[in-house]
Amino acid sequence: MRFDELIRSSMIVRDVKVEHPETIRVFDNHGFRDACDDCSIEQVARKHGLRSQDLVAELNQAVASEGT
């Protein structure tokens, strides 16, 4: 995956889900509700007591795994 295609913590959850549907299971596994879709990944991670860097890494891994 190219650097400019990586998911970042500043991205909006809904945009990530639309662009990369394979990330939906990651969000679901963490219990993120659809009401969180208009927030940034960083905001949602903080709300759930997660480090945004860890969540972003997990999301990018899901995208990379789907592409192989």
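Residues numbered from 1 in each chain as written. Predicted model: local features only at pLDDT ≥ 70, side-chain atom pairs only at ≥ 80, totals over all residues. Heavy atoms only, no water.

Attention now goes to the pattern of salt bridges. Scanning the entire structure with this criterion turns up six salt bridges. The salt bridge partner of arginine 14 is aspartate 38, with a shortest N-O separation of 2.9 Å. Within this pair, whereas arginine 14 is found in helix α1 (residues 13–19), its partner aspartate 38 is found in the loop between α2 (24–29) and α3 (41–47), the two being separated by 24 residues in sequence. The exposure class assigned to arginine 14 is partly exposed, which follows from its relative accessible area of 36%. (Salt bridge = Lys/Arg side-chain N within 4 Å of Asp/Glu carboxyl O. Helix = DSSP H or I, 4+ residues; strand = E, 2+ residues; numbered from the N terminus. Buried < 20%, exposed > 50% of the residue type's maximum accessible area, 1.4 Å probe, protein only.)

In terms of nonpolar packing, the biggest core is built from 16 residues, with Ile7, Phe27, Ile41, Val44, Leu55 and Leu59 touching the most fellow members. Where this core is concerned, the elements lending two or more residues are α1, α2, α3 and α4 (52–66). Of all the elements, α4 adds the most residues to this core, at five residues. Those residues within four positions of isoleucine 7 in sequence are excluded, and the remaining contacts are Val16, His20, Thr23, Ile41, Val56, Leu59, Asn60 and Val63. (Core = buried A, V, L, I, M, F, W, Y, C linked by side-chain atoms within 4.5 Å. Contact = heavy atoms within 4.5 Å.)

This next bit is on the side chain of histidine 20. Mapped onto the fold, histidine 20 is located in the loop between α1 and α2. With sequence-adjacent residues up to four places away left out, histidine 20 is seen in contact with Glu5, Ile7 and Val63.

As a further point, take the environment of alanine 45. Along the polypeptide, alanine 45 turns up in helix α3. Residue classification places alanine 45 among the buried positions, given a relative accessible area of 0%. Spatially, the C-alpha atoms of alanine 45 and threonine 23 are 14 Å apart, while their sequence positions differ by 22 residues. If near-sequence neighbours (up to four positions away) are discounted, alanine 45 is found in contact with Leu50, Arg51, Ser52 and Leu55.

With 15 residues, α4 should cover 21 Å at 1.5 Å per step; its first-to-last C-alpha distance of 21 Å lies within 8% of that length. What α4 keeps buried is the set Ser52, Leu55, Val56, Leu59, Asn60, Ala62 and Val63. Each buried residue of α4 sits inside an arc of 150° when the element is viewed along its axis, so together they form one side. As for α4, its buried residues are in contact with α2 and α3. (Expected span 1.5 Å × (residues − 1). Arc of directions from axis to C-beta.)

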